[in-house]
Each structure stands twice: as structure tokens, then as C-alpha cells.
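Each chain, letter by letter, is given below.
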Amino acid sequence: MPTSIKRKFKERLEMSIGWKFPPNNYGSEDGLNDPGIETFLSRPLESLAREVIQNSRDAAMDATKPVVVEFALYDVPRELFPGVSEFSKILNSCGEYWSENAKSRKFFAHAKQLLNQENITFLKISDYNTKGLAGAAEPRGKDWHKLTKSVGASDKREGKDGSFGIGKHAPFACSAFRTVFYGTKVEEDKTTAFQGVAKLVTHLDKSGEATQGTGYFGEKGKLQPILDVDTLDDFYRRRRFGTDIFIPGFIYGDDWDERVALSVIKNFFVSIHDGKLSVHVGEIRIDQTTLPQLMEQLVERKGASETIGFYRTLIDEDSHVFFDENFLGMGQIELNVVIGEDLPKQVAMVRQSGMLVYIKKRFKTPLRFSAVFIARGEKLNTFLTSLEPPAHDDWEPERHAEDVPYARSVLQKMHSWIVDKIRELSATTESEEIDPEGIGQFLPDDLDNEDGKNETDNSDEGDAHPRPVEMQVRATSPSAHRPTTGESDEGEDNSVAGVDSSGNRNGVNGDGVLVPGQEGVNGTGQDGQSGTVSGDGPDISVKASRVNLQRLRLFCSDSSTGEYMLAYTPDLSGDGTIQLNVVGEVGNEAAPIASVVDVASGEQYAVPREGTIGPITFVQGQKKELKVILKEHLRCAMEVSAHAS
């Protein structure tokens with residue numbers, strides 16, 4: 001080809017390839033607070049590892065070999081940043097357009113400073129033994145489009161972890177430019193593709209027209225990716241099947257590799273142990289052979305003791321393993337349990353892929369244990385996937401649009417199965433303990449308090465939007481009460497609020513809403529008899545008479561802040577206390593109350609010990625409403641009891 005023709009071809013190529021932010025056509029303006037990105041800013045590195053590896057695991061090519069994911073840091077010369085001159089002008093325009101916004105001024109000043117440096121730090125994430133992202137040459141509907149252009153769409157494919165939903169924003173949260181580049185080579189048709197996405201703000205383009213906040217690097221005409229990767233620098237060319245993610249402006253200090261590695265181990269220890277996943281983070285290699293050593297050298301040093309406990313269930317010779325080969329006709333479930341005095345009484349809930357979904361806590365039992373539950377059945381995995389939010393960190397029955405009661409029933413039966421197996425071990429362990437005649441009934445089941453924020457705790461009971469139910473409560477004769485464990489004969493969770501006019505026991509469901517026909521404990525034995533109140537200090541013997549709370553209502557008003565509303569009308573006057581207990585899988589414990597305020601007067605009540613409110617003055621027939629804030633921001637089942645001083 002003559003030199004003149006080559007020059008013209010290069011000029012046309014440069015004109016057609018670059019950055020483009022579509023016009024907003026006088027519509028809404030996009031600011032810097034992108035909801036998807038904001039979701040991951042509090043723990044960006046930890047979220048990055050979890051979200052990226054989900055999608056890599058879903059794209060596995062050869063199931064007999066592990067998927068390999070590599071995280072590597074590079075200093076890239078400024079001139080190799082795709083469309084750097086154009087991007088620099090875009091940053092200037094963004095800063096000028098939002099000059100009166102302090103947060104935006106600071107962000108774009110920092111971004112321009114980094115872009116003007118001789119080298120720009122990139123984090124490159126590459127996966128192998130994966131199929132790549134199909135559909136780059138198609139307008140929509142395939143994985144490439146879902147990753148780069150879909151907004152508010154979550155594609156929950158059967159049994160898969162990732163969905164290209166909100167999780168795809170995690171890499172943007174790790175970029176000082178809010179910019180990510182993608183490269184892929186597809187196993188199916190051998191195609192290659194490369195494209196950049198910048199989630200910035202509305203600004204003025206070269207023609208003075210206001211733009212949308214999201215722009216693209218690639219073929220400008222229809223905002224399409226570059227399909228001929230030979231036109232790119234070798235750093236960006238994908239030669240093997242799989243996908244690359246390039247994060248420019250990755251500034252996270254010298255310990256970035258340990259933070260990412262810790263997140264990988266915490267979220268994927270089952271998959272790594274099973275030989276399905278191998279991850280390289282800088283110089284740290286995480287696979288089936290190195291995992292035991294990393295548990296000692298990294299995980300223990302970082303204080304993630306719960307992960308070590310979970311891992312022990314998979315490797316200890318003394319681990320107890322339970323199976324149901326066809327649970328509810330949906331396939332196999334498995335529970336691995338290890339017992340030890342230093343273990344936190346928690347269950348890691350894991351799906352077939354080997355990724356941790358959430359940690360189930362609040363087991364009130366003397367038995368100290370760690371457990372890993374794995375849903376291995378194909379049908380069950382498809383069902384559980386349909387219940388997961390975009391972050392894949394919970395199973396929510398309300399997401400099963402076809403039949404919410406059915407979804408709730410399956411989850412309850414699954415959790416009851418777990419509780420039953422733990423009870424079996426607890427009964428075996430307790431039978432070996434010495435109980436001097438009759439003294440066991442005067443001792444608390446558990447002398448320790450379970451502290452710490454439950455970052456993945458949830459409750460499966462109750463509706464997502466609770467409707468408070470009013471119940472009439474009255475005093476009963478001592479013979480009508482008996483000490484209980486807070487469990488029904490079937491092993492389901494139960495809560496207590498009192499006894500209604502028909503003699504029926506009342507409880508509070510998983511949303512903190514009073515419901516009839518449930519039974520539990522008030523912590524004092526029979527009315528008027530002495531008992532113990534367990535708090536942060538030693539157990540205190542008390543002599544108190546029960547106060548019946550009429551028109552009792554307790555419901556969660558804001559789970560994000562741990563806020564509950566408690567309304568009641570006492571049947572007598574005088575001073576006393578109110579006790580709130582959280583209902584667990586195998587029993588109850590005092591609620592971790594942070595503060596209590598009278599809604600009408602603003603008076604703040606003391607919390608002398610865990611779960612106890614007071615002293616508080618009861619006025620017969622006078623309704624009172626209290627706002628209760630828990631130390632842990634969660635929605636849970638609670639029981640209520642009141643006693644006069």
C-alpha cells in the first residue's frame with residue numbers, strides 16, 4: 001500500500017476511534033454520585049475481588065481445570081493511556097461544568113494531576129480457562145453489551161454467580177478516573193474486542209452541547225468496541241481466550257495485594273479448596289496447595305478468624321459432615337461442622353460455585369462451632385440464584401415473584417435442617433458434660449456475648465414490609481407459664497410478647513412484628529419468681545412481677561440503622577423495666593440496644609445492661625411509644641417482656 005494511502009487510512013482511523021460522551025438532549029444531568037459506584041466506595045478492594053471473580057467463574061471453559069484470575073500492577077507511560085489528549089480535555093470540561101461543587105472540584109483536580117504524570121498506574125485483571133465475553137459485534141443482548149452498556153438490568157442466569165448488574169461498578173470505584181477498559185477474546189467465534197467506559201459527569205462537548213455522564217472509548221459512530229486489536233498497543237491486546245479488565249488510576253498503597261488476597265480467600269475458600277479456582281494477586285499465589293499456609297500467614301494475621309473456622313470444617317479429621325441427597329426434590333445439600341471452644345457459632349452459606357453468599361449468625365447454644373453449608377443441587381442453585389439481590393449477598397424470598405410463600409417455606413426448611421444437625425451435635429456434646437443434680441437449670445446456657453457487627457446477617461422470617469399487628473395481652477396464673485427454650489416442637493424460631501385474652505402466646509416475627517400463636521421465654525421463669533438477667537456484667541438475681549403490656553406493637557422501622565418502634569399500654573402504674581431479647585436459631589439472647597428514646601417527650605432511657613430498658617415509669621392505661629436503636633444494623637426477630645421493680 002502506498003505511503004499516502006496508509007497515511008489517509010490512519011487519519012480516518014484516528015477520527016473514528018476515540019472518546020465520545022452522547023448528548024443528554026436537554027434531559028437530566030449526571031453528577032459524580034453514581035449510585036452503583038457509591039455502593040462499593042466503602043470497601044473498594046474487597047468488593048473488587050468478589051465481583052470480578054464471580055463473572056470469571058461463570059465463564060469457565062474446562063470444568064476439569066481451575067479458572068485462573070490474575071491481578072497485576074503496571075506503570076503505563078502516559079502516552080499509552082487510550083485517547084489521553086482527548087480524555088484530558090474531557091476532565092477539564094467536567095471540572096469547569098461542576099466548578100461550584102466542592103466534591104467535583106476536588107475529584108477532577110486530583111484526576112488531572114494523575115493524568116499529567118509521566119506514568120499512570122494500572123491494575124490489570126486477567127482470567128484464563130474462560131470463554132471470553134461474546135457479542136461485542138452485536139448491538140445488544142449478549143454479555144459484552146450487558147457489561148458495558150446495560151443499566152439497571154441484572155441477568156440472573158441459572159446457577160450463576162454474576163449477572164453484570166450492580167457488581168460491574170466495583171472496578172470503577174477503584175479508579176481515580178472512574179474509568180475502566182475491557183478486552184476479550186471469545187472461544188466460540190475467536191473474535192476480539194476492546195472498549196473503554198468512563199462514568200464521569202455531564203459536561204460540555206467540543207460543540208458546546210451538554211453530554212451524558214457516561215462515555216465510551218472505541219468506534220465513535222455507534223459507540224462500538226474496537227474489534228481489530230492489532231491497532232492497539234500490545235499491553236491491551238488479548239491473545240488467549242478470556243477477558244482483561246484495565247483499571248487506570250489505581251492508587252491503594254503497598255498493601256493492596258494482601259487486601260485483595262484476603263477478600264479472595266474469605267469469599268472463595270470453598271472454590272479454592274475444591275480446586276476450581278486459582279488466583280494470583282501480585283506475588284501472592286492462592287490455590288489448593290497454598291491455601292493452608294495462607295490461612296496461617298495471612299488470614300490469621302489479618303484477624304479473619306471466622307474464615308479459618310470455616311476452612312477447618314473442610315479439612316479437620318474431626319469435622320462432622322451431613323448430607324441430604326435430594327432435599328425437597330431439588331438436589332444435594334451438605335453441612336460441614338467442626339466443634340471448638342474458640343469458634344464463633346456461625347454458618348457460611350455457600351452455593352454450588354463455591355462462593356460465600358452470606359454468614360448466618362445468632363445461634364444461641366452452648367456448643368461452640370463453625371459450619372459451612374453448601375447447596376450443591378442444580379435445581380436448588382437455580383432457585384437460590386433467583387432470590388439473590390444484585391450484590392449476591394443474601395437469599396430474599398420476596399424476590400421469588402411467582403410464589404413468595406413457597407420461597408419462604410423452602411428457606412425456612414433449609415435453615416431448620418441446619419439447626420437440627422447442630423442440635424444433634426449439641427445434644428451429643430451436652431450428654432458428656434457433668435451437671436450436679438439440678439444445678440444446670442439455674443445457670444445460663446451461654447456466658448459469653450456475641451459482639452461485632454454482623455455484616456452479612458439476615459433473617460428469613462416475616463415480610464419485607466412488615467405490618468404491625470395489635471394484640472391484647474393480660475396476666476395469667478403462674479401455672480400458665482413455663483420456662484422454655486424459645487423453640488417449637490418442630491424446631492422453628494419463635495418469639496414471645498405475652499399472652500392474649502384467649503390464652504394464646506404471642507411472638508414477634510423476623511421483621512419485628514407481633515404475631516399470634518408463638519411461644520418463647522421472658523428470662524425470669526414464672527411470674528413473680530426469681531430469675532436471672534444476663535447482661536454485660538455478672539448475672540443479677542431479681543424479684544419482679546410481670547407487667548402486662550396491652551396493644552403491644554414492635555416493628556422494624558429502618559433496618560439500615562437498626563431502628564425499631566415499640567408501642568404499648570401498661571395495665572398498672574409504677575416503675576419497672578422492659579426486656580428485649582433477640583430470637584436466634586437455637587434459643588434467645590439479650591438484644592444489643594444502643595439507645596432508647598421516648599417518641600413524645602424526647603426523654604432518653606437508660607440501658608443498664610444488654611437487652612434491658614429502664615428504670616421506666618409505667619402509667620396504667622397510658623400509651624407510650626419508644627424508638628429503639630440496636631448496636632447492630634439488622635432486621636431480626638425479638639421478644640418483649642416487662643416487669644415492675
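Per chain, residues are indexed from 1 in the order of the written sequence. Local features in this predicted model are restricted to residues whose pLDDT is 70 or higher, and side-chain atom pairs enter the listing and the counts only when it is 80 or higher, whereas totals over whole chains, interfaces and linings include all residues. Only hydrogens and water are set aside; all other atoms, that is, all heavy atoms of the structure, feed into the side-chain values.

## A short note on the confidence of the model for the protein chain
Residue-level confidence of the predictor, termed pLDDT, takes values from 0 up to 100. When the pLDDT values of the protein chain are averaged, the result is 80; 76% of them are 70 or greater. When checking whether two residues touch, look at their non-hydrogen atoms; a contact exists if any pair is within 4.5 Å. Considering only residues more than four positions removed or in separate chains, one finds that residues 158-164, a stretch of pLDDT under 50, has 34 contacts. Here residues 431-543 is modelled with pLDDT under 50, and outside its nearest four sequence neighbours on either side it reaches 262 contacts, counting other chains as well.

## Looking at the sheet that holds strand β4 (residues 179-185)
Two strands are said to pair when DSSP picks up at least two bridges between them. Only runs of H or I of at least four residues qualify as helices and only runs of E of at least two qualify as strands under DSSP, and these elements are numbered from the N terminus. With mixed pairing, 9 strands are arranged side by side in an open sheet as β1-β6-β5-β4-β7-β3-β2-β8-β9. Only two strands of the sheet have a single partner each, and these edge strands are β1 (17-20) and β9 (284-286). Adjacent strand axes in the sheet meet at a mean angle of 15°, parallel and antiparallel pairs treated alike. Only C-alpha atoms enter the line fits that serve as axes; for helices the fit covers just the stretch in contact. Angles between N-to-C directions range over 0 to 180 degrees. Packing against the sheet, helix α8 (residues 256-273) makes contact with β2 (67-77), β3 (119-128), β8 (277-281) and β9, and its axis sits at approximately 175° to β8.

## Thoughts on the environment of V607
Note on placement: V607 falls in the loop between β26 (604-605) and β27 (612-618). A residue is classified by how much of its surface remains accessible, and V607, at 28% relative accessible area, is partly exposed. Sequence separation between V607 and V596 is 11 residues; the distance between their C-alpha atoms is 7.7 Å. The residues touching V607, leaving out its near neighbours within four places in the chain, are I593, V596 and T612. Using a 1.4 Å probe on the protein chains alone, a residue whose accessible area is under 20% of its type maximum counts as buried, one over 50% counts as exposed, and one in between counts as partly exposed.

## Structural notes on the sheet that holds strand β22 (residues 563-570)
By way of backbone hydrogen bonds, the strands of a sheet pair with one another, either parallel or antiparallel. Spatially, β21-β22-β28-β25-β26 is the arrangement adopted by the 5 strands of the open sheet, whose pairing is antiparallel. Two strands in the sheet have a free side with no partner beyond their single neighbour: β21 (549-558) and β26. Bridge count for β22 against strand β28 (residues 624-630) is 6 bridges, and the pairing is antiparallel. The residue bridging A567 from the neighbouring strand is E625, located in β28.

## Here we look at the pairing of strand β14 (residues 369-375)
Within β14, 7 of the 7 residues are buried, which leaves it mostly tucked inside the rest of the structure. Looking at chain direction, strand β12 (residues 346-351) and β14 are connected through 6 bridges and run parallel. Its bridge partner being in β14, Q346 is matched across the sheet by S370.

## A few points about helix α10 (residues 305-315)
Turning to α10, its buried residues number three or more, namely E306, T307, G309, F310, Y311, T313 and L314. Residues of α10 that are buried in the fold lie against α8, α9 (291-299), β11 (333-339), β12, β13 (356-360) and β14.

## Here we look at the nonpolar core
Residue types Ala, Val, Leu, Ile, Met, Phe, Trp, Tyr and Cys, when buried and joined through side-chain atoms within 4.5 Å, form a set referred to as a nonpolar core. Ranked by internal contacts, the top residues of the largest apolar core, which has 60 residues, are L48, F71, I125, V279 and I286. With 10 residues, the top contributor of residues to this core is α8. The next biggest cluster of nonpolar side chains, apart from the first, holds 33 residues, and it includes I17, W98, F107 and F122.

## A closer look at the pairing of β3
Judged by how many residues are buried, β3 sits mostly within the fold: 9 of 10 residues are covered. Across 10 bridges, β2 lies against β3 in antiparallel orientation. If you follow V69 over to β3, its bridge partner there is D127. As paired elements, β3 and strand β7 (residues 242-248) share 5 bridges and run antiparallel to each other. Paired with I125 across the strands is I245, a residue of β7.

## Section: the pattern of salt bridges
What counts as a salt bridge is simple: a side-chain nitrogen of Lys or Arg found within 4 Å of a carboxyl oxygen of Asp or Glu. Overall, the coordinates contain 23 salt bridges when judged by the stated rule. For K624, the salt bridge is made with D598, and the minimal N-O distance between the two is 2.7 Å. In this pair, K624 is assigned in strand β28 and D598 in strand β25 (residues 593-598), connecting sequence segments 26 residues apart. By the burial criterion, K624 is buried, and D598 matches it. Close ionic contact of K623 with E625 constitutes a salt bridge, the shortest N to O distance being 3.7 Å. Looking at E625, the relative accessible area reads 34%, which means it is partly exposed. Via salt bridges that share partners, D230, D234, R237 and R239 belong to a single interconnected network.

## Some remarks on helix α4 (residues 84-97)
To estimate how far a helix should extend, the number of its residues minus one is multiplied by 1.5 Å. The terminal C-alpha atoms of α4, which comprises 14 residues, lie 20 Å apart, in line with the 20 Å expected from a rise of 1.5 Å per residue. Among the structural elements, β1, α5 (102-115), β4 and β5 (192-199) are those in contact with the buried residues of α4.

## Notes on the packing of helix α3 (residues 44-58) against α8
Their axes nearest at 8 Å, the elements α3 and α8 cross at an angle of 45°. In terms of orientation, α3 and α8 fall into the oblique class. Our pair here, α3 against α8, has a crossing hand that is right-handed. Contacts between α3 and α8 involve L45, E46, A49, R50, I53, Q54 and R57 on the former and, on the latter, W256, R259, V260, S263, V264, N267, F268 and S271. Of the residues that constitute the contact of α3 with α8, the class distribution is 7 nonpolar, 4 polar and 4 charged. Orientation is classified from the angle alone, with under 35 degrees giving roughly parallel, over 145 giving roughly antiparallel, 65 to 115 giving roughly perpendicular, and any other angle giving oblique. Crossing handedness follows the turn of the near helix against the far one: under a right angle anticlockwise gives a left-handed crossing, and clockwise gives a right-handed one. Gly is put with the polar residues, along with every residue not named as nonpolar or charged; the nonpolar set is Ala, Val, Leu, Ile, Met, Phe, Trp, Tyr, Cys and Pro, and the charged set is Asp, Glu, Lys and Arg.

## Topic: the packing of aromatic side chains
What counts as a ring pair is set by centres within 6.5 Å for rings of Phe, Tyr and Trp (its six-membered ring), and what kind of pair is set by the plane angle: stacked under 30 degrees, edge-to-face over 60, tilted for all other angles. Inspection of the entire model under this criterion finds 29 aromatic pairs. Both a distance and an angle decide whether a charge sits over a ring: NZ of Lys or CZ of Arg must be within 6 Å of the ring centre and within 35 degrees of the ring normal. Over the ring of F235 we find K124; its NZ or CZ atom is 5.2 Å from the centre of that ring. The ring of F107 has R178 sitting right over it, with the charged end atom 5.4 Å from the ring centre.

## Side note on the side chain of N336
Mapped onto the elements, N336 comes out in strand β11. By relative accessible area, N336 is classed as buried at 4%. Under the rule applied, a polar contact is a pair of N or O atoms within 3.5 Å (in protein, one hydrogen donor and one hydrogen acceptor; residues adjacent in sequence only if both atoms are side-chain atoms). In this structure the side chain of N336 is engaged in a polar contact, spanning 2.8 Å, whose partner is the side chain of E334. With sequence-adjacent residues up to four places away left out, N336 is seen in contact with T313, L314, S319, H320, V321, S370, A371, V372 and I374.

## Here's the deal with the environment of G340
Relative to the helices and strands, G340 resides in the loop between β11 and β12. With relative accessibility at 13%, the residue G340 sits in the buried group. Contacts of G340, omitting those with residues within four sequence positions, involve R368 and F369.

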